[in-house]
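# Commentary on secondary and tertiary structure
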Amino acid sequence: MERVFNLPDLGEGLTEGEVLRWLVAEGDEVALNQPLVEVETAKAAVEVPSPVAGTVVRLHAGEGQAVDVGAPLATFETAVPAGSALAPTQADSTPAAEATDGPGPHGTLVGPGPRSEGRRRRLAVASSQSGNGAAQAAEPVERPVERPRATPPVRKYARDHGVDLQLLTGTGKDGRITRSDVEAALADAEPVRVSAPAARAAGERAERRIPVRGIRKAIAAQMVASVAEIPHVTEFLTVDATALLALKDRLRALPEAAEVRVTPLAVMARALAVAARLHPLLNASWHEDAAGAEIVTRDWVHLGVATDTEHGLVVPVVRDADQLGILDLAREIGRLTGLARSRKASPADLTGSTITITNVGGFGVETGTPIINRPECAIVATGLIAQRPWVVDGELTVRSLMTLSVSFDHRIVDGAEAARFLTRLRDLLEDPALMGAF
Amino acid sequence: MDATDVQVSLLDADGNLLAHPIYKVDLDDDALRRLYEQLVVVRRIDIEATNLQRQGQLGIWAPCLGQEAAQIGSATALRPDDFIFPSYRELGVAWVRGVDPVDIMRLYRGQALSGWDMREHSFACYSIPIGTQPLHAVGWAIGAKWEGCDQIAATYFGDGATSEGDVSEALNFAAVQAAPVVFFCQNNQWAISVPISRQVAAPIWRRGAGFGMPGVQVDGNDILAVYAVMRDAVTRARDGGGPTLIEAVTYRLGAHTTSDDPTRYRTAEEMAAWQGPKDPITRYRTFLERAGLWSQGFADEVGATADRIAARVRESIENLPQPPLTDLMANVYADPPQTLVRQFERLAAFEAQFESEHG
Amino acid sequence: MAAVTMAKALNTALLDALEGDDKVVVLGEDVGRLGGVFRVTDGLQARFGEQRVVDTPLAESAIIGVSVGLAVRGWRPVPEMQFDGFSYPAFDQITSHLAKYRNRSAGTVPMPVVVRIPYGGGIGAVEHHSESPEAYYAHTAGLKVVSPSNPADAYSLLREAIESEDPVIFLEPKRRYWVKQDVELPVRTAPIGKAEVVRPGADLTVVAYGPMVKVALDAAEAARQEGMGDLEVIDLRSLVPLDVDTLVDSATRTGHMVVVHEAAQFCGFGAEVAARVTEEAFLSLEAPVLRCTGLDIPYPPARLEEAHLPGVDRLLDTVRRSLDY
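Residues numbered from 1 in each chain as written. Chains lettered and ligands numbered in written order. Predicted model: local features only at pLDDT ≥ 70, side-chain atom pairs only at ≥ 80, totals over all residues. Heavy atoms only, no water.

### Considerations on the overall build of chain C
Worth spelling out the cut-off: For the purposes of this entry, the term helix denotes a DSSP run of H or I that reaches at least four residues, the term strand denotes a run of E that reaches at least two, and both are numbered from the N terminus. Each residue's exposure class comes from its accessible area (1.4 Å probe, protein chains only) as a fraction of the maximum for that residue type: buried when under 20%, exposed when over 50%, partly exposed otherwise. Whether two residues touch is decided by their heavy atoms; if any such pair falls within 4.5 Å, the residues are in contact. Surface accessibility in these figures is a Shrake-Rupley result with a 1.4 Å probe; residues are shielded only by whichever protein chains are displayed.
The helix and strand tally for chain C stands at 12 helices and 14 strands. Structurally, chain C occupies a C-alpha span of about 60 × 45 × 40 Å along its principal axes. Here chain C, with 325 residues, has 63% of them falling under the buried criterion. In chain C, 81% of the contacts between residues at least 6 apart in sequence involve partners at least 24 apart. Total accessible area on chain C stands at roughly 11,700 Å², and carbon and sulfur atoms take up 52% of it.

### Re the interface of chain C and chain B
Our working definition: Here the quantity called buried area is the accessible surface, traced with a 1.4 Å probe, that two parts lose on coming together, added over both. Any Lys or Arg side-chain nitrogen located within 4 Å of an Asp or Glu carboxyl oxygen qualifies as a salt bridge. The definition of a polar contact used here is a pair of N or O atoms within 3.5 Å, where within protein one atom must be able to donate a hydrogen and the other to accept one, and adjacent residues in sequence count solely through side-chain atom pairs.
Each partner contributes residues to the interface: chain C has 46 residues there, and chain B has 40 residues. Interface area for chain C against chain B, summed over the two sides, is near 3,600 Å², with a carbon-plus-sulfur share of 58%. Sorting the residues of chain C by area buried against chain B places Arg73, Asn103 and Arg104 of chain C first, and these three jointly supply 19% of that buried surface. Applying the counting rule to chain C against chain B returns 4 salt bridges. Its salt-bridge partner being Arg342 of chain B, residue Asp245 of chain C comes within 3.2 Å of it at the nearest N-O pair. Linking chain C to chain B there are 20 residue pairs in polar contact (both at pLDDT 80 or more). Those elements that provide at least two residues to the side of chain C that touches chain B are α3 (60-73), α4 (91-98), α5 (101-104) and α9 (244-254) of chain C.

### So, the packing of α3 of chain C against α4 of chain C
All names here are of chain C. Our working rule: Only the stretch in contact is used when fitting a helix axis, every axis being a line fitted to C-alpha atoms; angles between N-to-C directions are given from 0 to 180 degrees. What sets the label is the angle itself: under 35 degrees gives roughly parallel, over 145 gives roughly antiparallel, 65 to 115 gives roughly perpendicular, and the rest give oblique. All residues other than Ala, Val, Leu, Ile, Met, Phe, Trp, Tyr, Cys, Pro, Asp, Glu, Lys and Arg, Gly among them, are scored as polar; the first ten of these are nonpolar and the last four charged.
One way to put it is that α3 packs onto α4 with a least axis distance of 8 Å and a crossing angle of 25°. Overall, the two elements α3 and α4 adopt an arrangement that is roughly parallel. Of the residues in α4, those touching α3 at Ser61, Ile64, Gly65 and Val68 are Gln93, Ile94, His97 and Leu98. The residue makeup of the contact of α3 with α4, split by class, is 4 nonpolar, 4 polar and no charged.

### Some remarks on the nonpolar core
Cut-off, in case you're wondering: For the purposes of this section, nonpolar cores are sets of buried Ala, Val, Leu, Ile, Met, Phe, Trp, Tyr and Cys residues that join through side-chain atoms within 4.5 Å.
Judged by nonpolar contacts, the single largest core of 89 residues is most densely connected at Val138 and Phe183 of chain B together with Tyr101 of chain C. Contacts of Phe183 of chain B, omitting those with residues within four sequence positions, involve Pro134, Val138, Thr155, Phe157, Ala170, Leu171, Ala174, Met213, Pro243, Thr244, Leu245 and Ile246 of chain B. Leu78, Leu107, Tyr284 and Leu288 of chain B belong to the second-largest nonpolar core, a separate cluster that totals 75 residues.

### A look at the domain arrangement of chain C
Residues and elements named next belong to chain C. In plain terms, the rule: Here the limits of each domain have been adopted from an automatic or database domain assignment.
Partitioning chain C into domains gives domain 1 (2-183) and domain 2 (196-323). Taken residue by residue, the interface counts 26 residues in domain 1 and 22 residues in domain 2. Buried surface at the junction of domain 1 and domain 2, both sides included, amounts to about 1,800 Å², of which 54% is carbon and sulfur. Scanning the region where domain 1 abuts domain 2 turns up 2 salt bridges. Arg237 serves as the salt-bridge partner of Asp153, at 3.0 Å between the closest nitrogen and oxygen. Inspection of the region where domain 1 meets domain 2 yields 12 residue pairs in polar contact (both at pLDDT 80 or more). Elements with a minimum of two residues in the side of domain 1 that touches domain 2: α6 (134-138), β6 (144-146) and α7 (151-163). Counted by class, the side of domain 1 that touches domain 2 contains 11 nonpolar, 9 polar and 6 charged residues.

### Remarks on the pattern of salt bridges
Residues and elements named next belong to chain C. Here the structure, examined in full by the defined rule, presents 54 salt bridges over all chains. A salt bridge links Arg224 to Glu221; its shortest N-O distance comes to 2.7 Å. Residue Arg224 and its partner Glu221 are both found in helix α8 (residues 212-225); the two are separated by 3 residues, about one turn of the helix. We classify Arg224 as partly exposed; its relative accessible area is 48%. The exposure class of Glu221 is partly exposed, given its relative accessible area of 30%. For the salt bridge of Arg320 with Asp317, the shortest nitrogen-to-oxygen distance reads 3.9 Å. Of this pair, Arg320 and Asp317 both sit in helix α12 (residues 312-323), 3 residues apart, roughly one helical turn. Since its relative accessible area comes to 41%, Asp317 is described here as partly exposed.

### Details of the confidence of the model for chain C
Under the convention used in this document: Values of pLDDT, ranging from 0 to 100, describe the predictor's confidence in every residue of the model.
Within chain C, residue pLDDT values average 96, and 100% of them lie at 70 or more. For this predicted complex, the interface confidence score (ipTM) comes to 0.92, while the overall pTM stands at 0.74.

### Describing the sheet that holds strand β1 (residues 2-6) of chain A
Cut-off, in case you're wondering: For two strands to be treated as a pair, DSSP must find no fewer than two bridges joining them.
Reading across from one edge, β1-β8-β6-β3 (chain A) is the order of the 4 strands in this open sheet, with antiparallel pairing throughout. The open sheet is flanked by β1 and β3 (29-30) of chain A, the only strands paired with a single partner.

### Thoughts on the sheet that holds strand β2 (residues 24-28) of chain C
Residues and elements named next belong to chain C. Pairing is parallel across the open sheet formed by 3 strands, whose spatial order is β3-β2-β4. Each edge of the open sheet is held by one strand with a lone partner, namely β3 (53-55) and β4 (76-79). Within the sheet, the average angular offset between the axes of one strand and its neighbour, ignoring direction, is 25°. The pairing of β2 with β3 spans 3 bridges and is classified as parallel. Bridge assignment links Gly28 to a residue of β3, and that residue is Asp55. Lying on the sheet, α3 is in contact with β2 and β4; it crosses β4 at an angle near 170°.

Next up, the structure:
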C-alpha cells in the first residue's frame, strides 16, 4: 500500500526544510531506517531515516528545494497491509506533522517548538449545545452613541421586567438611571386612570387607592418644590388674535410650509422668544446658596414647550428659540412634542429651558395660573382663541380673542416689569410685523 | 575505604580484566553475557528512538549513546527494590530495571508527563529540572534508614548538574545524616555545548571528601569497573556506612537531545577518540572474546533480539492513542478544589461541541 | 477552657500529629533543640527524638527536596521554612516537584507534605522577614494554600493539612502568634476549603485571611460605632481551595465587597477574589470589588511599615469608597 511521508518538525521549531541531498532514488528498495535524505535545518544538515521498508514511489522535492513541515517529502509503496501500524494516517497525527506557516526556525532545544500560529478553528458539530453562548447570530440592533448608565442590579431589574434602558431618562447621579426610573417606566405602562370597574354589583360604591409612582410622582415633586420655593404672581392680559390668525394662514399657504404644521403656537413661540430677549429678567433664574443669591441672565432663549402626553406632562425644549423663524419653530415644536409623546426624548431634549410656554387653550380653557418650571423665572400660558365681544373705537364688535397669563418669580421681577413683558408680548402678537424689528 | 587518586579501570586496552585491591567483579558467565546483550539492546533502542524522532513519532529524544556501560554497569549492582532517582537520559538504567522503553518514550512523545509506574520498578519519574532529584534520593534513603530497612537509594545526574546548588545541598545533607544513598555522576564531558573544562574547576569525585563522604572516579566506559565500584558503594550504604559519590567518566556520543546540533561546538576528531576501540560496547566485546565467552552465534542471537525489541517499540509508539482530556485534571489533586472541578466541567462541555480528537 | 496562643495551638497540633501517626516527621532549621525561632516546635524533639523532629542543615531547597523523597517513601513530612522571605530558595522544589509529583506520576505518588511558613509583617523586622508570598503558591496548580487567623483554626487546619494527601503551604501569620483565644484543644473547626463569616453584616463584605482578619473585625466594629455601616467579615481560611460559594452568597446579600491583604495589590490574591466574585455576582454588585492592600513595593523598613500595611483607617477608607460609589 501507499504511504506518504511528510516532512516532520526535526526538533527545532522548523517551519520548512531544504532538501540538500537525496540518498535514494525513485524506484529504489529501501530498508526501515535507511538514510533517506539530508535536510538543511538552521545551517546544519540532518539525516532523515526512512520510516518504512518498501519501494520509493515518488520524491516530492528536488535537491535545493524547500519543503514545508507537514508537506509530503516522499511516497513509498510498502508491503504492509492496510490497517496496520504503518497505515498512512499515523504520521499525520503526530505533533510534528502539523503544517506551520510563518518565518524560519526558532531553535528550541527541548521540544518541537511552537505550533502553527494560525491554528485552524474547529467547526462545532453539535449546534448550540454548550451554555457558552457559542456563535449566535446577533440581530443588528441600533445602538445610541452613549450607553445608558445603570448599576448592575438596576440593569437586572430592568431586564427582568422588559424595560429598555435606552428609552429612559436617568434622574440619578451623573444622569444614571435609577431603580425609580425603571419603576416609573413600568408605571407608565399602566397610566393612572380611574376607570369604571368592570363588573360591579348595582349600588355598590367603594373607595380606590392609586399608588403614586413614576412620572406622576416626579411631577408632583417638581410642582411642590416650585411652589414651595418661588413666590408666584400671575398677571393676565387679553389679546386680539386677529393678526395672529391671519399670519398663521398666510404662512400655511407658503410652499416652504408644505411639510410643516404651522400653528398659532408657533407664532406665539416666536413672539415669546423675542419678548424674552427684550426682557431678560423674565428669562433669568434665581440661584441661591450659602454664599448668597444671584440672578442669572443669559443671552439665549431656550423655550420649554409644555406638552401633554398620555404618560403625563413633559416639557421638551426648543434650543435658541430666538434664533429660529416661525417655520423652523413650528418644525422644532412638532418634532420635539412628537418625541415627547412617543417617550423617545433624550435627556438633552428635556433640560435647559430658560422660559416655558403652556398652551392651556389647547384644553379649551380661557387662561390659568401656571406653576413656574423651576428654576426658571416665568411661564406663559396661552388660552383658547375664540370669538368674543370686544370694543373697538367705542363700538361693540366680535373679535377673536385670547387671554395671556404669565406667572413669574416675584424675587426676580416685580409686577411692573412682568407687565411690561406681557404687554410687549401682546404688541408683538397684535402687530406681528414688529417681530421683525428685534 | 579511601579515595584513590587514580581512575578505576578493570579492563585494559586489550580487553584483559585486571585485578584490583578494592573493586571486585563477582558475576558468573551468564551474567557477563547478559551484560553484553543489554549493552547492544539499549544502544539499538536508543538509535531507534532517535530515528523515530527524525520521523516525527517523538517530539524529542535525549540519547544515551556512548553511556550504556556506565548506566547498565551501575544499575546491575543495585537490588531491584533499591530506589533509583534518575535525570532524563537513563534508558540503560531503566532497561535493567525492566521499565518498558515505550513507557519512557511516551514522555518524549508528549503523551504523558511520566509513562511508567514508579513504584512497580522502584524507578522514579524523569526529573527535568537539573540536579533536583538527588535531594529526593536523600530523603527516600533517610526514610529507609529510619524504618530500619536495608534498601538504599541511588541517584543519577550529569556533570552539568553538579554546578547546581541542589546537588551540593544533597551531598551535604546525605553526609550529615549518613544517608544510605549512592550519588552516581555520569561525566559525559558536555552539558549541551559547555565542556567539562568550563563547568568545574576541580574533579567532581573530589567533592566527596569535601562533603564528608568517599569519592571515586571510575572509567565510565568500562562496564565491569563501573559495576565493581558501584557494588562497593552500594554495600557501604547498605551496611550503614553512609553515602558515596561516584564520578563515571564517559562520553556523550550523541547530541544533548535531537534538537541539538553538536557539530556547532565539538569536532569529529574528538568524537572519534571515544569511538572505535574506545567504544564501551567494543571494549566489552573484546573482553568477552578474551574470556572465551564470545561466539558468532551469540552475537547473532543478541542482534536478532535487539532488532525484535526495536521493531516492537516502533510499532507500539506508532500506535499510541491520543491521551484523554480527563488526563488534564484527574491527578492534579487527591481532593481537587471546586474551582478546578467546575473549570474542567466547562471545558468538557466546550470540547463536546467539536468532533473528538481525544480518547 | 484555657487561653491558648496560636503558637501553642500549632505546637499542640504538631504534637498530636506526631503522636497519632508514626510517619509524621517535622524537619527544618532550629526546630529541634531550640524548638523553633517562634517556639512553635518547642519540646517536640525532646519528646519524639531526633529522628521525628530533625534539625536540618541551613538549606531550604534541601529541606523541601528531602521532604519530597521522604514522601515518595510514604512518610508525611512537615518541613518548616524559617521565614517567608527564606522560602524562595526552595521555590523550585515546591513548584517543580511538590506541586507536580502527583500529577506527573498519574496519581500513584502523592505528596502529603505540609510546608509551614511564618509570614506577614507588622513585627518591626529587618528585610526578608515580613513577606506575603501567598500569591506565588496559590498560582501554582497542585498546591493547597491555607492560612489560619486564630488559635482554634490554627490547630484544626494544621491537623487537617497533615492528614491531607495533597501538599499544603501552611502560612502562619507571625504577628498573631501570641494572640490568645479561649479554646479547648484538640478542636476541629471548619474544614479546609470553607470560608467563615466571622461577623455577619448587611451593608458590605470585607474579605480577609491570616493577619488581616483582626484588622477587618476592628474596622467593622469602628464602622458600627461611627455609623458608617454594618460590615460583614469573611475569614477565607484557605486560599486554595477557595470557598467561592460563601463569597458569592455574601456579595449577593450586601452588594459591596472589599478584599484586604498585606501583600502587594498588583497581581495579589485580592485580584482573584475580585475577578471571581465580579464574574459570579455581577448583577448584585452596587460597586466594583475593591482591594485594600500593601503597596506595590518591596517590603519597607520597619519605621515605614505602618504606612504600607492596611490598617483600620485605610480599610475603612476603602469601605467608604465602595459604599459611596
